[in-house]
Amino acid sequence: MKRFWDLVVFGASIALLTSLFVVEAGLLERQPLGSSAGESDMKVEPKYPTEGIDPFQPDPVVRQLPGYELVWHDEFNVDGPPDPEKWNFEHGFVRNRELQWYQRENAYCKGGVLIIEGRKERIVNPNYDPKSDDWRRARQYAEYTSASLNTWGKFAWRLSEVRIVARARIHPQPGYFPAIWTTGPGIWPHGGEVDIMEYYRDRIHANFAWGTTEKYSPRWHSFSKPLADFLTRDPDWLKKFHIWELIGNDEKLQILLDGEVMNEILQETAKNPPNPWSTVVYPFREKHSIILNLAIGGPGGDPSGAKFPMIFEVDYVRVYRRISASAQE
């Protein structure tokens, strides 16, 4: 099992390096809603209930959804470290040539919220090797720290059966790169990746990635929207918590922000081609785990002008499974 998850982490690291190259090269496939992909007619499920909730404060009420059962959640209501029965922590330099050193000390719960804190502080790299070609070992120091949590090896859910709901608040800065995302089984990207939320360089992103005929080479179905669009509609947008969702079934997946569809894809579109390194055909019908992290640098850009600490707040993460799906088990 450890080797399996090591492969997932290794694959994800290479994957994000690849995606950074593609973005910088201007080759990232962007398919906004209403494109010729043929998915703009997919219906949206009823909006997640928020009536009577103060958008500026944590939501203490665990909602029930008609047609779903709540199968997993973390409300982050106990002050102190995140629950180790639910979360793993990444450590050190991990992916995408980002600048932060991940450590569990930068994630803590306070006042009903998970806080992931990016700090400007020097950490000695215990793996430093000046002769190494691996960037993770070639850096003598990390000048920044942050945290990355995941449910790898602990909990995973079949995306075609569930509705994942996360309420969070972002605090943009230069170099700020928070994310709520999922990864599936086996080698990346053939197990699939869903970026329910990414923010960097003044845009909010919602992405799907799956395999191609080349190892570690993803196909992306991506969409992003300028932060300015949200601020034009609501000048207090950054002061509020917002709800990001991933809703899936056997036919489609949708990423929503406050009930608005940000991106969507048909399961048949996101089908892996035959290949010798993965038996996964439909990655978004497989079980995925959840990752919450705050990266610094990489796609987020230069953090030298930022004010520290950087903050990413998560009020809760809830996983609902359709009752019809659970009844079949």
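As a starting point, this report considers the structure included with it. Bear in mind that the values here come from a model prediction, so they are computed numbers and not experimental data.

A short note on the pairing of strand β11 (residues 193-200)
Among the eight residues in β11, eight count as buried, and that is most of the element. Across five bridges, strand β10 (residues 176-183) lies against β11 in antiparallel orientation. Bridge pairing in β11 links W181 to D195. Pairing geometry for β11 and strand β12 (residues 203-211), over six bridges, is antiparallel. If you follow D195 over to β12, its bridge partner there is N207. The antiparallel hairpin formed by β11 and β12 contains two residues in its connecting segment, where R201 sits at a positive phi of about 50 degrees.

As for the packing of aromatic side chains
Within this structure, the stated rule accounts for 15 aromatic pairs. An angle of 50 degrees between the planes, with centres 5.8 Å apart, marks the rings of F93 and W135 as tilted. Highlighted residues: F93 in the loop between β2 (88-89) and β3 (100-102) and W135 in helix α2 (residues 135-138), separated in sequence by 42 residues. Taking relative accessible area as the criterion, F93 reaches 7% and is therefore assigned buried. Three or more aromatic residues joined by ring pairs form one cluster here, namely W72, F76, W87, F155 and W157. Geometry around Y141 places R122 over its ring, the cationic atom sitting 4.1 Å from the centre. The residue whose ring lies beneath K225 is F230, and the NZ or CZ to ring-centre distance is 5.5 Å.

A closer look at the layout of surface pockets
The space that makes up the largest pocket amounts to roughly 250 Å³. T50, F241, H242, I243 and D258 are the residues nearest the centre of the largest pocket, which is lined by 15 residues in total. In terms of residue count, strand β14 (residues 242-248) provides more of the lining of the largest pocket than any other element does, three residues in total. Class assignment for the residues of the lining of the largest pocket results in six nonpolar, three polar and six charged.

Concerning the pattern of salt bridges
Tallied over the entire structure, the rule returns 15 salt bridges. Its salt-bridge partner being E161, residue R158 comes within 3.9 Å of it at the nearest N-O pair. Residue R167 pairs with D315 through a salt bridge whose shortest N-O separation is 2.7 Å. With a gap of 148 residues between them, R167 in strand β9 (residues 162-170) and D315 in strand β18 (residues 310-322) connect regions that are remote in the sequence. An identical accessibility class is assigned to R167 and D315; each is buried. Three or more residues are tied together by salt bridges with common partners; here these are K225, R233 and E260.

Overview of the pairing of strand β6 (residues 141-146)
Bridge count for β3 against β6 is three bridges, and the pairing is parallel. Within β6, the position partnered with Q100 by the bridge is Y144. By the bridge criterion, four bridges tie strand β5 (residues 113-124) to β6 in an arrangement that is antiparallel. Looking at β6, one finds that K120 is bridged to Y144.

Each value, and the rule that gives it
Here the residue numbers are simple positions, counted from 1 along each chain's written sequence. Totals for whole chains, interfaces and linings use every residue, but because this is a predicted model, local features are given only for residues with pLDDT of at least 70 and side-chain atom pairs only at 80 or more, for both listing and counting. Side-chain calculation: all heavy atoms of the structure are included, whereas hydrogens and water are not. Exposure categories follow from relative accessible area, calculated using a 1.4 Å probe and restricted to protein chains: below 20% of the type maximum is buried, above 50% is exposed, and the middle band is partly exposed. Segments assigned H or I by DSSP are reported as helices when at least four residues long, segments assigned E as strands when at least two residues long, and all are numbered from the N terminus. Should DSSP find at least two bridges between two strands, the strands are regarded as paired. Classification of ring pairs uses Phe, Tyr and Trp, with its six-membered ring standing for Trp, and accepts pairs whose centres are within 6.5 Å; under 30 degrees between planes counts as stacked, over 60 as edge-to-face, and the remaining range as tilted. Only when the NZ of Lys or the CZ of Arg is both within 6 Å of the ring centre and within 35 degrees of the ring normal is a charge said to sit over the ring. In this analysis a 1.4 Å probe is tested at points of a 1 Å grid over the protein atoms alone, and where it fits but cannot get out there is a cavity; an open set with protein on both sides within 12 Å along at least five of seven lines is a pocket; lining residues have an atom within 4 Å of a point. Grid points are joined across faces, edges and corners, and a volume is the space filled by probe spheres set on the points. In this count, Pro and Cys sit with the nonpolar residues alongside Ala, Val, Leu, Ile, Met, Phe, Trp and Tyr, while Asp, Glu, Lys and Arg are called charged and the others, Gly among them, polar. Salt bridges are identified by distance alone: a Lys or Arg side-chain nitrogen within 4 Å of an Asp or Glu carboxyl oxygen.

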